[in-house]
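Descriptive analysis of the structure
Residue-level listing of the chains:
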Protein chains: 2
Amino acid sequence: MTPAFEKLQKYLKQLPGMGYRSAERIALHLLVERPERLPALVEALQSAAAAVHRCSRCGNLAEGEQCAICADDKRPSSVVCVVEHVPDLVAIERSGAFRGTYHVLHGKLSPIQGVGPEHLNLSSLVARIEAGEIQELILALSNDVEGEATCHYLVDRVPAGRVKVTRIGFGLPSGGGVLYADSVTLKSALDGRRSFS
Amino acid sequence: MTPAFEKLQKYLKQLPGMGYRSAERIALHLLVERPERLPALVEALQSAAAAVHRCSRCGNLAEGEQCAICADDKRPSSVVCVVEHVPDLVAIERSGAFRGTYHVLHGKLSPIQGVGPEHLNLSSLVARIEAGEIQELILALSNDVEGEATCHYLVDRVPAGRVKVTRIGFGLPSGGGVLYADSVTLKSALDGRRSFS
């Protein structure tokens, strides 16, 4: 193919979930089959990049000063679910299981990869805790060493007794059988067992 | 999410092989995780759209007047493989099974969908045939009613005796068992049987 085509394919291939063939298919689609779609896509990319930034309060995607969730009066800012990344927030929103507000850290502590507290969106969370607006902090961080370390870091920064801190449950996913669960999941599931009533 | 995010997701979802979730994942990737990749992708899209057009001779993607295949002296212009779309050409090139040149119709005849000869890249092929440069025309069109009709249309336009016209073989794909083949494929395979020697 042509150099400009191959360059486009290269950049498309860097996107998540995109392989060599799917990048080729999309490049051909935009250049040959439906070239009228290309300017609209470029415009959408450019206007999203210009309009979307981090919510000053929670770190979620926002177009105004605050994101749609922080700006919603019906969602109590006293219950805050802490997540690592925006897609985690999106997944929880999609489940419909939570109606409070969020705080997006944009990462987790990882001394091995050189990620310290200064690299995370932590200062505004500490400010929210110190302002006394938070009553419950739900830690929805991943079930691994870095997630664990980040939870401990946050717990240490919360004034004892003033804020209730919980961590989401770990165990067997819905529809998953014991047979197919890995050892770490099974350990979490056994540790997190509840009385059957 | 925000309006600009949702607009971007909508345009991404229109791309082939892209679902709601993969469009969301890519939009989040480009806006939150790796925003530095977005300008490079936009630039690649714009420069490809500006640079790439149809080869004046065969209809393939080209950046100059002719595509890389037509411009290659080692590829005989006397053997021409006729395909419906550029991805078909790409698939044949990838197989390494053909070293002649191509002609891309950008579609196939379909009276039901209102696609007539005037909608296809046919005039330059007829000009190539009339100029006497083509010795063999290999029809690599799909194995359906429209592909069949397009083949007959082309055969009628070829001066009898001057140009050899062939059609690619149809039958069982490599690695495919008789058990899993559909009826049309099995009929093609039986019709196209060869003596075992």
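In this text the structure is predicted, and so the values were computed from the model without any measurement.

Let us look at the relation of the copies chain B and chain A. The transformation that overlays chain B on chain A combines an axial shift of 0.0 Å with a rotation of 180°, and the residual RMSD is 0.1 Å. Both chain copies can therefore be described as sitting about a two-fold axis. Distance from the rotation axis, computed per C-alpha, reaches its smallest value in chain B at Val42 of chain B: 3.0 Å. Both copies share a contact surface, since 100% of the interface residues of chain B are interface residues in chain A too.

The domain boundaries assigned to chain A delineate domain 1 (3–51) and domain 2 (74–167). Using C-alpha coordinates to define each centre, domain 1 of chain A is positioned 35 Å away from domain 2 of chain A.

All names here are of chain A. Read from one edge to the other, the open sheet built from four strands follows the order 4-3-5-6, with strand pairing classed as parallel. If you trace the sheet from one side to the other, it starts and ends with strand 4 (101–104) and strand 6 (164–167), each paired once. Recorded for the sheet is a direction-independent mean angle of 25° between the axes of neighbouring strands. The pairing of strand 3 (residues 79–83) with strand 4 spans four bridges and is classified as parallel. Note on strand 4: the bridge partner recorded for Val83 is Val104. Of the strands in this sheet, strand 3 and strand 4 are in contact with helix 4 (residues 86–95), which crosses strand 4 at around 160°. Against the sheet, helix 6 (residues 145–157) engages strand 3, strand 5 (136–139) and strand 6, with an angle of about 175° to strand 6.

All names here are of chain B. In space, the four strands of this open sheet follow the order 4-3-5-6, with parallel pairing throughout. Strands with a single pairing partner mark the edges of an open sheet, and in this sheet they are strand 4 (101–104) and strand 6 (164–167). This sheet shows a mean twist of 25° between the axes of neighbouring strands, independent of strand direction. Looking at chain direction, strand 5 (residues 136–139) and strand 6 are connected through four bridges and run parallel. In the sheet register, Leu137 faces strand 6, and the bridge partner there is Val165. The sheet strands contacting helix 4 (residues 86–95) are strand 3 (79–83) and strand 4, and the helix crosses strand 4 at an angle near 160°.

Alternating positions in strand 4 of chain B separate into two faces, Thr101 and His103 of chain B on one and Tyr102 and Val104 of chain B on the other, with burial throughout. Crossover handedness for the path strand 3 of chain B to helix 4 of chain B to strand 4 of chain B: right-handed.

All right, on to helix 5 (residues 123–130) of chain A then. All names here are of chain A. All of the buried residues along helix 5 are Ser124, Leu125, Arg128 and Ile129. Within helix 5, the buried residues cover an arc of 145° as seen down the axis, which keeps them to one side. For helix 5, exposure combined with an orientation more than 90 degrees from the buried face picks out Ser123 and Glu130. Of the surrounding elements, those touching the buried residues of helix 5 are strand 3, strand 4, strand 5 and helix 6. Immediately beyond the C-terminal end of helix 5, within one or two residues, lies Gly132, with a positive phi of roughly 80°.

Here we take up the packing of aromatic side chains. Here the distance between the centres and the angle between the planes together describe a pair of aromatic rings. Applying the stated criterion to the full structure yields two aromatic pairs over all chains. Centre to centre, the rings of Phe98 of chain A and Tyr102 of chain A are 5.2 Å apart; their planes meet at 70°, and the pair counts as edge-to-face. Residues Phe98 of chain A and Tyr102 of chain A agree in their burial class; the two are buried. Against the face of Tyr153 of chain B rests Arg157 of chain B, its NZ or CZ located 3.8 Å from the ring centre.

This paragraph deals with the interface of chain B and chain A. The interface is formed by 48 residues belonging to chain B together with 48 residues belonging to chain A. Taken together, both faces of the contact between chain B and chain A bury some 4300 Å²; the carbon and sulfur share is 74%. Sorting the residues of chain B by area buried against chain A places Pro16, Leu45 and Leu61 of chain B first, and these three jointly supply 14% of that buried surface. Between Glu43 of chain A and Lys7 of chain B there is a salt bridge, with the nearest N and O atoms lying 2.5 Å from each other. Inspection of the region where chain B meets chain A yields 10 residue pairs in polar contact (both at pLDDT 80 or more). Of all the elements in the fold, those that place two or more residues in the side of chain B that touches chain A are helix 1 (3–13), helix 2 (20–33), helix 3 (37–51), strand 2 (61–62) and helix 4 of chain B. For the side of chain B that touches chain A, the element with the most residues is helix 3 of chain B, which contributes 13 residues.

Once that is clear, we can look at the confidence of the model for chain A. All names here are of chain A. Scored by pLDDT, chain A comes out at a mean of 89, with 99% of its residues at no less than 70. Mean pLDDT values for the elements of chain A range from 81 in helix 7 (residues 183–191) up to 95 in strand 4. Here the prediction assigns the complex a pTM of 0.72, and the interface score ipTM is 0.72.

Reading the values: the criteria
- Residues numbered from 1 in each chain as written.
- Chains lettered and ligands numbered in written order.
- Predicted model: local features only at pLDDT ≥ 70, side-chain atom pairs only at ≥ 80, totals over all residues.
- Heavy atoms only, no water.
- Least-squares fit on C-alpha atoms with pLDDT ≥ 70 in both.
- Contact = heavy atoms within 4.5 Å.
- Domains from an automatic or database assignment.
- Pairing = 2+ DSSP bridges.
- Helix = DSSP H or I, 4+ residues; strand = E, 2+ residues; numbered from the N terminus.
- Axes fitted to C-alpha atoms, helices over the stretch in contact; angles between N-to-C directions.
- Buried < 20%, exposed > 50% of the residue type's maximum accessible area, 1.4 Å probe, protein only.
- Right-handed = clockwise from strand over helix to strand, strands pointing away.
- Arc of directions from axis to C-beta.
- Phe/Tyr/Trp six-rings, centres within 6.5 Å; stacked < 30°, edge-to-face > 60°.
- Lys NZ or Arg CZ within 6 Å of the ring centre and 35° of its normal.
- Buried area = accessible area lost by both parts, 1.4 Å probe.
- Salt bridge = Lys/Arg side-chain N within 4 Å of Asp/Glu carboxyl O.
- Polar contact = N/O pair within 3.5 Å; in protein donor to acceptor, adjacent residues only side chain to side chain.
- pLDDT = per-residue confidence, 0-100.

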